[in-house]
Structure formats: C-alpha cells, structure tokens
Amino acid sequence: MRNQDTHPARTAWLVVAGLLAFMLLLAGCGSSGNSTTGKELTKVGKGEGQLSLISWAGYVESPWTKPFEQKTGCKVNDKVAGTSDEMVQLMRSGQYDGVSASGNASARLVDGGNVAPVNVSLVPNYKTIFPDLKNQPYNTFNGVHYGIPHGRGANLLMWNPNDVKPAPTSWDVMLNPKLAAKYKGKISAYDDPIYIADAAVYLKAHQPNLKIENPYELNETQFNAAVNLLKEQRPYVGEYWSEATKQVAAFAGGDDQVGTTWQYQYFLLKGEGQKVAASPASQGFLPKEGATGWSDTWMISSKAKHPNCMYEWMNWIVSPKVNAEVAEFFGEAPAQSLACEQTKEKNFCAKYHADNPAFWKRVYYWETPVSECGNGQNNCKNYNDWVQAWTSIKG
Amino acid sequence: MSRRLAGFFYGRPRLQVGALLAGPVGWLVVGYLGSLAVLLVAAFWTVDPLSGVVVHNLSLENFKTLIDEPVYRDIVGRTVLIAALVTLTDAVLAFPIAFYMAKVASRRGKALLVVAVLLPLWSSYLVKVYSWRTMLSAGGVINWALAPLGLHGPGFGNTAVWLVMSYLWLPYMVLPIYAGLERIPNSLISASEDLGASPFTTFRRVILPLAFPAVVAGSIFTFALTLGDYITPRLVSNSQFIGNAIFNNITNNQPLASALALVPIVVMIAYLLVARKLGAFEHI
C-alpha cells in the first residue's frame, strides 16, 4: 500500500526526535561509580540451591558436578567463556556467583569491584594447595585473598622434529627474525594481547639494557620493543591460534611447524602419534628464556546471589579427587598437592610438573597489565594499550 | 469482556489498525531501532583506563582513535575491498546460473536448480567454513589437485577469505537475480530479436537494465554479509576485518567496539545511496 496523504518528512522527524530522546535518556541514566566491594563471608551456611558459574571449557563437567549437586543441593549452571576478556565482561553483568579467572583477568575484576575477598579459612582444602600458588600477584591483592587456586599450565615451545633442525633451545627460533624467516608461514603464535608478554620474556633475556623485570609491567620503551619484535615476527607467522583444536589441526595437517603451545596440545598430538617435540628434561622442559603460563583462580562475585554454594564449590573443586579429575580432563597441573595421589594416570603430576617448583620458577604467570608498575611508578602500559597494540601488530 | 472489546473497536478503524500494529511496530522501534540507538550512544562513551569500567561521559575520543590509528584504516579498507570483490565475483557467477534457471531450463530442471542453489544454505555455516579450511590447508585437497600441474593453492590468507565468502554468499545473489529475470516477459526478448538486435545487444539493452535492480538487491546481501562476517577471516586467514576488530574490543572497550560497529552502517548507507543514484530502486 502506498501512503500518499501523510507528510513523510514530518513522520521521519518524529522518529528521529523519538530516538534522540531515547538516547539522551540512556546517556543520562548511566552514571558510573557503582563499584561496591563485597564483604567476605564469616561462616558457610546452608546452600541456596543454585550456583551460576563462568568457567573455561572443561572445568565444570558432569562427572564432578553431579556428586557436588547431590552432596550440597546446589544446582550448577555453567557458562563457558572462550577468553579472559569474555569472562570479565560476563562477570560485570553481576549475574554469576563465581568465575575460574586466569591471571590476566583477575586484577581487572578486583579493580572493577566485580569480585569479593575470599575467606580462605572457610575453604578447608586450601591448606594443602601447593604453596607456590598461594599469595601470588594474580590472586592476592594488598595481602587480601581473592580466590582459590585451581590449576596451572605453561606455554611450551613445540616443533615438528622432521622440519625444525637442530632442535631449538630458545624462543629465537620464532622471535628472532633471521631465524624465523626459515619457517616463514609455518609459525604458530597465540592469538591474544597477552602474547606480547612472550616477546617481553624473550627481550628480558636477550636485551638486558631494556631492564625488563616483569613481562606484564612494561614501560613505554620496553613495551614498544616487545611490540616491534612481534611486528617483525608478523610476516613469518602462519597462523595465530586461540582455540586449541585449531592448532592441533594445523600441526597435524602440516600447516604449522613451530609454535607456542599448551601442554594439552603437545600431549594430545603426541598421543595421536604426530611428529612433535618440546624442550627436553635436560633443558628443564622450557626454552632457556623461560616461558609464560597461566594459573587459574576461582573467584566469587561481589554480587553473588548464592555465596554459600560458591564457597562449597571452591572447596569441592580443589578437593584431592575432584582436582585430579579436572586436571586430567583439561590437561593441566592440579593446584591441590594431594591430587597427585588420586590421578588415574600414575605419573600425571610428574608429566605436568605439578610438584616441581623449579619448573614453575621459570614460568611467568599471566597477569593483567595495569598502569602501576609495582615499583611505585605509574608509567606502565595498561591492558587497553596492550589490546590496541595487539590490533596493530596483527594489522 | 470480548464482546465489550469488540464493541469498543467497532467503527473505530484507526484504533483497530493501531492495536494490530502496536506489537510489531513496538518490537521494531524498541528492539531494533532502540538497540541501534544504544549502540550509537555507547560509541561516545569511554573506558576508564585503570578498571576498564565504562565511563558515561560523551566524547569523540573513539572516533579520533579510528581516524588516527592507521591500523583501523587498513582494516576498514581491507574489509570494504574484499566485500566489493566478493560482490563482483558473485554477480559474475550468479548471472548466468540465474539466467539459465529463469529462461532456459525446463520446469523440472528449474526446480532441481533452485534446490541445488538452496542446498548449501541448509547446512551449517561453520561446517562449510571448516570444510574450506581443510581443503585449503597445506595437506588439503586443493594443493593435492594442483600438485601434478606444479601449482600451489592460495593457502590461508586474504585470497582464501575472498574464495570462501564468494562461495558462502552465492545463493543470496542467485535467488534475487533469478526472481528479477523471471519477471522479464519473454516477449521483450523476442521483440528485440525481431528488431534485429544481436544476442549481445539484447542482453545489454533489454535484459541487463531490467535485471539491474535485482543484481543490486543481491549485491546488498553479499556486500553487507561480507562486511559483517568475522568467523571466516578468523578461520582461513590471519587478517583482521571490521568484525574481528569489534570482537577484539567488545569485552574490554565496548565504546570503541560500538564506534567500530558504526563503520559498516555508514558504509552500507553510502552503498545504498549510490545504488539509488544508479536507479536500483526505481522499479520496486
């Protein structure tokens, strides 16, 4: 039907005016400053019957949630997040009780007032967690505990021994442009702003005049050096991976020959009989510069509607048997020292170096880059700068 | 109650129409234009650099970033270029198929071809992109087939994105052109031939002008779909497209993501204005 009698111009103006009014209303509504720091619990009471979690894929699975539900009466609803950024975003919605946050999310959650301190005395299994996971900068802020360690992993250097000879002992095989050129289009790098820290770890060892202390606390000069290194690496990268399956397929299909990986992919490919290798025991299982890694922490929301269930969950997930189950399912080192006696694969903890503090000493766990450098100075690049730089590295 | 209601509406045609349309129009305004308005407003907000919490003060900072940072210009340029290439490729591929379907094929053949064009739409988008990923990989079927000729497939990259997108959106180009050609009376083609026009002249002077609005309609689909896609670039290349840049920013800098999301909208408006100038909407 054609409308000939009305004034289309007037109608259009009305619509525009309405939209503008709506926009102004919205802009007016939202004033910031709603960061409430929740209080920590003093006593775990009766469960509220429900529990909403955000987790990495594989952390909340029925073999250990079913018995948890039976024991506590807390029904578990889990939302799987793909990246740390997504976790932060979801936690800000305030609809979840807890999250399995990696170190590159935890400081953001604490700063944003999205998570509450955790009273570790209410989590009996906390006592036997590996001591080198406690009081770390990504789970303890100003001496206050903000979570229960869940498990950890390191980013290994993996290569195909048929193509990459001699066996590399350093990250320079993929970060030194002269050496990387040899594997042009066959290099596999991690697709996340936090990968800039890998370049910083490399520079820390190779350019001491930059004086890099912590690869997550970089001032302008140090940061630019790391970013430029990755820009030089960019033309040689075959693929940036974010999903583990994508990298597994790329190594199996011959698209990638050398790259940074998680222990999970390495053991998976090895198990499939693919030709892959990683740093041997004689080199401490890591390239000589050390490596980045991650350590995950269960944190409780400052707006948790089911805090009692969340405390029950934090204790449950680090109980020896469950923590062993999760670690084997996911492919990471368990946080619970007693879990090593419970794993199905007898040498699992040894394989993942769970009880080997010397290994983890050389691992720089992911942290959220913030402006405060830790040395009292305020001139470090924050996470937003890292994201912008990452966008420009990828081009 | 229902009687009273019926009585109330009786003889009030405007109210009747109003009540009938309130639902859909309300949905359109609140759910559709409303969310667009929110997007627009969010583009003027900023993010507190320390906590990453959104600050609700109006500023033009995000647009400044988009203009000042060369990487965003590259991303927009790359996305628009690939979208244009995909549109062109699909138009060239779709026209003969649509013409055969509309004017040459038998009834049975026509039905079969429509099904053949629609068939890929019945399978999942991800399955299709992953199949292309497998085919394009170093040990994939494309390299295998080209090896005897001493050639190499494109591998992963912008060429791969162009190939996969052209494949994905082809049906969206074929169907509108088919519908457009179907509406051209055969008598016009016969008349042109009777008047001594060569097949090429008939195509150029009769068929193409009449089918042009349909091509533009199809191109709006292929162009807009390519502008908005971010999964294909992620799976078959390392390149960033507008969608990837939005995805990267959405969680920690939502205002910048909103500003980026306005770019495809602006590009599409410009595209539609040009299409109107070309007379694409005159026969609708």
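Residue positions within a chain follow its written sequence, with the count starting from 1. Numbering of ligands from 1 and lettering of chains from A proceed in the order in which they are written. Local features in this predicted model are restricted to residues whose pLDDT is 70 or higher, and side-chain atom pairs enter the listing and the counts only when it is 80 or higher, whereas totals over whole chains, interfaces and linings include all residues.

A.B. asks: Is there a simple way to think about the overall build of chain A in this case?
C.D. replies: Across its full length, chain A holds 15 helices and 14 strands. A radius of gyration in this sense is built from C-alpha atoms; the matching globule rule multiplies 2.2 Å by the number of residues raised to 0.38. A globule of 395 residues ought to have a C-alpha radius of gyration of about 21 Å, and chain A, at 24 Å, matches this closely. Across its three principal axes, chain A shows a C-alpha extent of roughly 80 × 55 × 50 Å. Buried positions account for 49% of the 395 residues belonging to chain A. Helix numbering and strand numbering both begin at the N terminus, where a helix is a DSSP run of H or I of at least 4 residues and a strand a DSSP run of E of at least 2. Burial in this document is a count-based property: other C-beta atoms within 10 Å of a residue's C-beta are tallied, and the residue is buried at 20 or more, exposed at 12 or fewer, or partly exposed in between, with C-beta positions derived from the backbone.

A.B. asks: Before we go on, may I ask you to explain the overall build of chain B in this structure?
C.D. replies: In terms of helices and strands, chain B carries 13 helices and two strands. Relative to its length of 284 residues, chain B is extended, with a C-alpha radius of gyration of 24 Å against a globular reference of 19 Å. Each of the three principal axes of chain B carries a C-alpha extent, and together these read 75 × 70 × 40 Å. Contacts are defined on C-beta atoms placed from the backbone: any two residues whose C-beta positions lie within 7 Å are in contact. In chain B, once contacts between residues fewer than 6 apart in sequence are set aside, the share between residues at least 24 apart is 70%.

A.B. asks: Would you explain the confidence of the model for chain A in this entry?
C.D. replies: If pLDDT is low for a region, its predicted coordinates should not be looked at in detail. Residues and elements named next belong to chain A. Known as pLDDT, the predictor's confidence for each residue is given on a scale from 0 to 100. Across chain A, pLDDT averages 88, with 90% of residues at or above 70. This model gives residues 1-5 a pLDDT under 50, and the stretch forms zero contacts once residues within four places in sequence are excluded. Within the model, pLDDT remains below 50 along residues 27-37, and this stretch shows 15 contacts once partners closer than five positions in the same chain are excluded.

A.B. asks: I tried to follow the domain arrangement of chain A on my own but got confused; where do I start?
C.D. replies: It is common to give the size of an interface as the accessible area that goes away when the parts come together. All names here are of chain A. Domain delimitation in this document rests on an assignment produced automatically or drawn from a domain database. Taken domain by domain, chain A holds domain 1 (50-151 + 296-354) and domain 2 (153-293 + 370-394). Here the C-alpha centroids of domain 1 and domain 2 sit 26 Å apart. Contact residues are listed per partner, giving nine residues for domain 1 and nine residues for domain 2. Tallying contributions element by element places helix 4 (residues 103-111) first for the side of domain 1 that touches domain 2, with three residues. A class-by-class count of the residues in the side of domain 1 that touches domain 2 yields three nonpolar, four polar and two charged. Under the scheme applied, nonpolar residues are Ala, Val, Leu, Ile, Met, Phe, Trp, Tyr, Cys and Pro; charged residues are Asp, Glu, Lys and Arg; polar residues are all the others, including Gly.

A.B. asks: What is the right way to read the domain arrangement of chain B from this model?
C.D. replies: For chain B, the domain assignment lists domain 1 (2-42) and domain 2 (69-277). On a C-alpha basis, the centres of domain 1 of chain B and domain 2 of chain B stand 36 Å from each other.

A.B. asks: Looking at this structure, how should I read the packing of helix 12 (residues 242-250) of chain B against helix 13 (residues 254-277) of chain B?
C.D. replies: Two packed helices can be described by the angle between their axes and the distance between those axes. Residues and elements named next belong to chain B. Between helix 12 and helix 13, whose axes approach to 8 Å, the crossing angle comes to 165°. Between helix 12 and helix 13, the crossing angle belongs to the class labelled roughly antiparallel. When the axes of helix 12 and helix 13 are compared, the crossing they make is left-handed. Of helix 13, the residues touching helix 12 (which contributes I242, A245, I246, N249 and I250) are Q254, L256, A257, L260, A261, V263 and P264. Here the residues of the contact of helix 12 with helix 13 sort into 10 nonpolar, two polar and no charged. Think of each axis as a best-fit line through the C-alpha atoms, taken over the contacting stretch in the case of a helix, with angles from 0 to 180 degrees between the N-to-C directions. For classification purposes, angles smaller than 35 degrees are called roughly parallel, those larger than 145 roughly antiparallel, those between 65 and 115 roughly perpendicular, and all remaining angles oblique. Take the far helix as the reference: if the near one is turned anticlockwise from it by less than a right angle, the crossing is left-handed, and if turned clockwise, right-handed.

A.B. asks: Hey, could you run me through the interface of chain B and chain A in this one?
C.D. replies: Across the contact, 30 residues belong to chain B and 31 residues belong to chain A. Elements supplying a minimum of two residues to the side of chain B that touches chain A: helix 2 (13-42), helix 4 (70-104) and helix 12 of chain B. Per-element tally for the side of chain B that touches chain A: the top contributor is helix 2 of chain B, with six residues. Residue classes in the side of chain B that touches chain A are distributed as 15 nonpolar, 13 polar and two charged.

A.B. asks: I'm lost on helix 13 of chain B in this one. Help?
C.D. replies: The periodicity of an α-helix, 3.6 residues per turn, causes residues three or four places apart in sequence to face the same way. Residue and element names in this part refer to chain B. Taking 1.5 Å of rise per residue, 24 residues should cover 34 Å, and helix 13 covers 35 Å from first to last C-alpha, within 8% of that figure. Inspection of helix 13 places Q254, P255, L256, A257, S258, A259, L260, A261, V263, P264 and Y271 among the buried residues, and these make up the whole buried set. Downstream of helix 13 by a residue or two, G279 has a phi angle that is positive, lying close to 85°. The span one expects for a helix is its residue count, reduced by one, times 1.5 Å.

A.B. asks: What am I meant to see in the pairing of strand 8 (residues 187-190) of chain A here?
C.D. replies: In summary, the side chains of a regular strand alternate between the two faces of the sheet. All names here are of chain A. As paired elements, strand 8 and strand 9 (residues 237-241) share four bridges and run parallel to each other. Opposite Y190, over in strand 9, you have W241 as the bridge partner. Should DSSP find at least two bridges between two strands, the strands are taken to pair. Judged from the two bridges that link them, strand 8 and strand 10 (residues 258-262) form a sheet pairing that is parallel. If you follow S188 over to strand 10, its bridge partner there is G259.

A.B. asks: I tried to follow unusual backbone geometry on my own but got confused; where do I start?
C.D. replies: Glycine aside, the phi torsion of most residues is negative, and most peptide linkages are trans. Residues and elements named next belong to chain A. The omega angle of the peptide bond from K165 to P166 is -5°, so this bond is cis rather than trans. Here P166 shows up in the loop between strand 7 (148-159) and helix 5 (172-175). For N142, which is not glycine, the phi torsion reads 50° and is therefore positive. Along the chain, the position of N142 falls in the loop between strand 5 (140-141) and strand 6 (144-145). Among the residues examined, N142 registers 6 C-beta atoms within 10 Å and is labelled exposed.

A.B. asks: Could you clarify how one ought to interpret the environment of A275 of chain B in this entry?
C.D. replies: All names here are of chain B. Here A275 shows up in helix 13. A count of 19 C-beta atoms within 10 Å places A275 in the partly exposed class. Residues A275 and V216 lie 59 residues apart in sequence; the distance between their C-alpha atoms is 6.9 Å. When residues no more than four places from it in sequence are discounted, the contact partners of A275 are V216 and A280.

A.B. asks: How should I be thinking about the environment of L119 of chain B in this particular structure?
C.D. replies: All names here are of chain B. Looking at the secondary structure, you find L119 in helix 5 (residues 107-122). Given 10 C-beta atoms within a 10 Å radius, L119 is considered exposed. Residues L119 and G243, 124 residues apart in the sequence, show an inter-C-alpha distance of 27 Å.

A.B. asks: Sorry if this is basic, but what is going on with the nonpolar core here?
C.D. replies: Note that soluble globular proteins tend to have their nonpolar side chains buried in a common cluster. Counting 111 residues, the largest nonpolar core has I196, A199, A200, A226 and M314 of chain A as its most contacted members. Each of two domains, domain 1 (50-151 + 296-354) and domain 2 (153-293 + 370-394) of chain A, supplies a minimum of three residues to this core. Those residues in contact with A200 of chain A, other than ones at most four positions away along the chain, are I212, P215, L218, Q222 and A226 of chain A. Nonpolar core, as used here: buried Ala, Val, Leu, Ile, Met, Phe, Trp, Tyr and Cys residues forming one set through C-beta atoms within 7 Å. With 61 residues, the next largest nonpolar core counts V76, A160, L163 and W169 of chain B among its residues.

A.B. asks: Can you help me understand the environment of W360 of chain A in this one?
C.D. replies: Residues and elements named next belong to chain A. Checked against the element boundaries, W360 lands in helix 14 (residues 357-361). A tally of 19 C-beta atoms within 10 Å means that W360 is categorised as partly exposed. Sequence-wise, W360 and R152 are 208 residues apart; in three dimensions their C-alpha atoms are separated by 9.4 Å.

A.B. asks: Would you explain the packing of helix 4 of chain B against helix 8 (residues 158-182) of chain B in this entry?
C.D. replies: All names here are of chain B. Following both chains from N to C, one finds helix 4 and helix 8 inclined at 40°, their axes separated by 6 Å at the closest point. Comparing the axis directions of helix 4 and helix 8 gives the class oblique. Both helix 4 and helix 8 take part in a crossing whose hand is right-handed. Taken together, the residues of the contact of helix 4 with helix 8 break down into 22 nonpolar, three polar and three charged.

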